Amino acid sequence: MPATEQPEQIDVLASGAALPSHADIVIVGSGFSGLAMAVALKRSGREDFLILERGSDVGGTWRDNSYPGCACDVPSHLYSLSFAPNSDWTSTFSSQPEIWQYLRRVAKQQDLLSHVHLGCELERADYDGDTQRWRLETSSGPLSARVLIAGAGPLSEPAIPEIPGLEHFEGKIFHSATWDHEHDLSGERVAVIGTGASAIQFVPQIQPQVQKLHLFQRTAPWVMPRPDRKLTRFERLLYRHVPAAQRAMRAIIYWGRETYAIPLLRVRLSPITEKAARVHLRRQVPDAVLRAKLTPDYKPGCKRILLSNDFLPTVGRPNVELVTDGIKWVGTHAITTADGTERPVDTIIFGTGFHVTDPPIAERVHDADGRSLAERWNVSLEAHRGTTVAGFPNLFVLLGPNTGLGHTSVVVMAEAQVTYVQRALEYMDAHGIGTIEPRREAQSAWNARVQRRMKGTVWTAGGCASWYIDHNGRSSALWPDFTFRFRRALSRFDAAEYRLAPVAAPKPEPTPTEVAA
Ligand SMILES: Cc1cc2nc3c(=O)[nH]c(=O)nc-3n(C[C@H](O)[C@H](O)[C@H](O)COP(=O)(O)OP(=O)(O)OC[C@H]3O[C@@H](n4cnc5c(N)ncnc54)[C@H](O)[C@@H]3O)c2cc1C
């Protein structure tokens, strides 16, 4: 399937039923995390849950990012849900249409659609300690819930930098995550801002079409070869008929990828990766001047290592200009850089990433005193075991603080969290618990351990400024360890780490005299 072709519509639209006034559990988001959580609830016999999704379909990241060349950079046998292997992947690194189609199929096959409310955005959530309920305001109306699970995505809010004059630009502007497929780039002068994971995928796709491509690079990325290939018919048949073979392949990829963490966790080992990346760069960019511009000045992994076989050669094409001077302002039809050069452009495409360390969902979720998670996190994002937050009872955050990865599939992390949430819910049910909230000291101890592990990693000692680091200079996005350690840490729920309160007795109905008063 060509990269930009969108999958055939499966009838995934939810029933369209009105939002009920209460649900036991509300999940926000229908990407990998939200769907994994919903399947786990369903399999444990829970039916009283809803998934609120602001988009018009399920799929999260993979519904929204439809830019040309969009694909995963972790092999699909691992970058998929452990309980829903897909024998039909057509290549080792699947393209966006296939991944989106896969997620839609999971939602349908796992019978989740009647739980999904599409076009329903969570606008505000307030915890009410008296009733032990979350009061939710959504674009489809209000409702309450005992438990709120945020699966709103670590990379779901596109970030566009503030550039003087941008608002006066009269050409076309869009972000890679909201690609305008109606807009024809043929013969245009196009500015691409950013050389991150998305840009290196779409730049080689659009370069042959455009008249001129100005690629604005703030920092060069380390690029490694992408060992992508088509999966053969034999492999697909094997995986379909011998599921154990696919499980074995997943395990091989999983453990292979865990070894990728070693030079990231020990900055002194990073020269091994650097040597391989330099060989790739030398092979792909013969021009020494261009190569110098494309050589990063920090350790590989400090910013995400990118996989591509066609990005570096594309930068050397005659109609591509790599611009390393900072942008000073944007005029009505041109971009001017710090050295005073003005470049006329018709379209500006932002490949500038997402709001990772300031997620908008945090502005919307409030504790019993009306303080938002964002206010609480003003110091830095912090959660207990990446999942629960002191001061916010009965809230679980999937792919929350310090759960991101530089070396393997984050779906592994989300699934570990799903197991943890399940254990917590089982504990609550078994012991008549109405609210759980992590003890501050437990949360602090967890985060102190995480930050201790962060020392000596490429993320803190690699010499770069990256989106992994928040406004306080703290690394609050990434998990600084192997994923098997995270899985182990979340495999059981330790009630001693939590403040627990029994289920509150229902308030007596007011007497007629009280009502009259
Ligand atoms: C282009 C791209 C490629 C990537 N490739 C990889 C990869 O190869 N390997 C890897 O490990 N990771 C990759 N990632 C990271 C990716 O974000 C995660 O792997 C994963 O998809 C996250 O799933 P999620 O369900 O947590 O979040 P998302 O997929 O972002 O889903 C969140 C959902 O929540 C919804 N939502 C948000 N706020 C609200 C609200 N207030 N009300 C209602 N709904 C809301 C959104 O509409 C969205 O549908 C990639 C990310 C991008 C952008």
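Scoring rules and cut-offs
- Residues numbered from 1 in each chain as written.
- Predicted model: local features only at pLDDT ≥ 70, side-chain atom pairs only at ≥ 80, totals over all residues.
- Heavy atoms only, no water.
- Helix = DSSP H or I, 4+ residues; strand = E, 2+ residues; numbered from the N terminus.
- Rg over C-alpha atoms; globule rule 2.2 N^0.38 Å.
- Buried < 20%, exposed > 50% of the residue type's maximum accessible area, 1.4 Å probe, protein only.
- Pairing = 2+ DSSP bridges.
- Axes fitted to C-alpha atoms, helices over the stretch in contact; angles between N-to-C directions.
- Contact = heavy atoms within 4.5 Å.
- Polar contact = N/O pair within 3.5 Å; in protein donor to acceptor, adjacent residues only side chain to side chain.
- Left-handed = near helix turned anticlockwise from the far one by under 90°.
- Nonpolar A, V, L, I, M, F, W, Y, C, P; charged D, E, K, R; others polar.
- Phe/Tyr/Trp six-rings, centres within 6.5 Å; stacked < 30°, edge-to-face > 60°.
- Lys NZ or Arg CZ within 6 Å of the ring centre and 35° of its normal.
- Near = heavy atom within 4 Å.
- Areas by Shrake-Rupley, 256 points an atom, 1.4 Å probe, with all protein chains shown as cover.
- Salt bridge = Lys/Arg side-chain N within 4 Å of Asp/Glu carboxyl O.
- 1 Å grid on protein atoms, 1.4 Å probe; cavity = no way out; pocket = protein on both sides within 12 Å on 5 of 7 lines; lining within 4 Å.
- Points joined across faces, edges and corners; volume = space filled by probe spheres on them.

*Asks:* Let's hear about the overall build of the chain: which residues, and what values?
*Replies:* Broken down by element type, the chain carries 17 helices and 20 strands. Taken over C-alpha atoms, the radius of gyration comes to 24 Å for the chain, in line with the 24 Å a tight globule of 517 residues would show. Seen through its C-alpha atoms, the chain measures out along the principal axes to roughly 85 × 55 × 45 Å. Within the span of the chain, comprising 517 residues, buried residues form 55% of the whole.

*Asks:* So what's going on with the sheet that holds strand β16 (residues 347-350)? Residues and values would help.
*Replies:* Ordered by their spatial adjacency, five strands build an open sheet running β7-β16-β8-β9-β12, and the pairing between neighbours is parallel. Two strands bound the open sheet, and with one partner strand each, they are β7 (172-175) and β12 (320-323). Neighbour-to-neighbour, the strand axes of the sheet open up by a mean angle of 15 degrees, direction not taken into account. One ladder, built from four bridges, connects strand β8 (residues 189-193) with β16; its direction is parallel. What sits directly across from V190, in β16, is T347. Lying on the sheet, helix α4 (residues 199-206) is in contact with β8, β9 (212-216) and β16; it crosses β8 at an angle near 165 degrees.

*Asks:* Describe the environment of T357, and please don't skip the residues or the numbers.
*Replies:* Secondary-structure assignment places T357 in the loop between β16 and α11 (361-364). In this structure, the C-alpha to C-alpha distance between T357 and R440, residues 83 residues apart in sequence, is 21 Å. Once residues within four sequence positions are removed from consideration, T357 is found in contact with L381, W467, Y468, I469, D470, S476 and A477.

*Asks:* Explain the side chain of Q132 to me, and be specific about the residues and the numbers.
*Replies:* Turning to its location among the elements, Q132 is positioned in the loop between β4 (122-128) and β5 (133-138). Exposure remark for Q132: the relative accessible area of 8% places this residue in the buried category. A polar contact is formed between the side chain of Q132 and the backbone oxygen of P502, at a distance of 3.0 Å. The contact partners of Q132, leaving out residues within four places of it in the chain, are Y127, R146, G434, T435, A501, P502, V503 and A504.

*Asks:* Describe the packing of helix α1 (residues 32-43) against helix α13 (residues 410-431), naming the residues involved and giving the relevant values.
*Replies:* The interhelical angle for the contact between α1 and α13, taken along N-to-C directions, is 35 degrees, at an axis separation of 9 Å. Relative to α13, the crossing made by α1 is right-handed. Note on element contacts: α13 touches α1 through V411, A414, V418, V421, Q422 and L425, opposite F32, S33, A36, M37, A40 and L41. Here the contact of α1 with α13 is built from residues that sort into ten nonpolar, two polar and no charged.

*Asks:* Account for the packing of aromatic side chains, naming residues and giving values.
*Replies:* One pass over the structure, following the stated rule, counts 16 aromatic pairs. Among the aromatic residues, those joined into a cluster by ring pairs are F32, W62, Y79, W89 and Y102. In this arrangement the basic side chain of R104 is found over the ring face of W100, its NZ or CZ atom lying 4.9 Å from the centre. In this arrangement the basic side chain of R226 is found over the ring face of F93, its NZ or CZ atom lying 4.6 Å from the centre.

*Asks:* Which residues make up the site of the ligand, and what values do they have?
*Replies:* Lining the immediate environment of the ligand, one finds 35 residues, of which S33, E53, T61, D73 and Y79 sit closest. Within the contact set of the ligand, an oxygen atom lies 3.1 Å away from a backbone nitrogen or oxygen of F32. One of the side-chain nitrogen or oxygen atoms of E53 is found 2.6 Å away from an oxygen atom of the ligand. Relative to its unbound accessible surface of 990 Å², the ligand loses 95% to contact with the protein.

*Asks:* So what about the environment of T232? Which residues, and what values?
*Replies:* Residue position: T232 is located in the loop between β10 (223-224) and α5 (233-241). We classify T232 as partly exposed; its relative accessible area is 39%. In this structure the C-alpha to C-alpha distance between T232 and W89, which are 143 residues apart in sequence, comes to 9.9 Å.

*Asks:* I'd like to hear about the pattern of salt bridges, residue by residue, with values.
*Replies:* Within this structure, the stated rule accounts for 24 salt bridges. Here E157 and R54 are joined by a salt bridge, their closest N and O atoms 2.6 Å apart. Here E157, found in the loop between β6 (141-150) and β7, pairs with R54, found in the loop between β2 (49-53) and α2 (61-64); they are 103 residues apart in sequence, far enough to count as distant. The network of salt bridges with shared partners includes K42, E47 and D111.

*Asks:* Before we move on, could you go through the sheet that holds strand β14 (residues 334-337) and cite the residues and values that matter?
*Replies:* The strand order across the open sheet formed by three strands is β13-β14-β15, and the pairing between neighbours is antiparallel. Here the strands that pair on one side only, and so sit at the sheet edges, are β13 (327-330) and β15 (342-344). Within the sheet, the average angular offset between the axes of one strand and its neighbour, ignoring direction, is 25 degrees. As paired elements, β13 and β14 share three bridges and run antiparallel to each other.

*Asks:* Help me get a handle on empty space enclosed by the protein, residues and values and all.
*Replies:* For the coordinates displayed, the defined rule picks out one cavity of 30 Å³ or more. There is about 30 Å³ of room inside the largest cavity. P221, W222, V223, A277, L281, L294, P296 and L312 together form the lining of the largest cavity. In terms of residue class, the lining of the largest cavity is made up of eight nonpolar, no polar and no charged.

*Asks:* Summarise the layout of surface pockets; cite the residues concerned and give the values.
*Replies:* Here the second largest pocket defines a volume of roughly 570 Å³. Residue lining of the second largest pocket: 28 residues in total, with P75, R257, Y260, L307 and H407 positioned closest to the centre. Sorting the residues of the lining of the second largest pocket by element identifies α5, α6 (243-260) and α7 (262-265) as the ones contributing at least two each. It is α6 that provides the largest number of residues to the lining of the second largest pocket, a total of six residues.

*Asks:* Before we move on, can you summarise the side chain of D180 with the specific residues and values?
*Replies:* Turning to its location among the elements, D180 is positioned in the loop between β7 and β8. Residue classification places D180 among the buried positions, given a relative accessible area of 18%. Those residues in contact with D180, other than ones at most four positions away along the chain, are K172 and F174.

*Asks:* Pulling in residues and values, what's your account of the pairing of β16?
*Replies:* Side chains T347 and I349 of β16 all project onto a buried face; the interleaved residues I348 and F350 project onto the opposite face, where all are buried too. As paired strands, β7 and β16 are joined by four bridges and run parallel to one another. Looking at the pairing, F174 lines up with I349 of β16.

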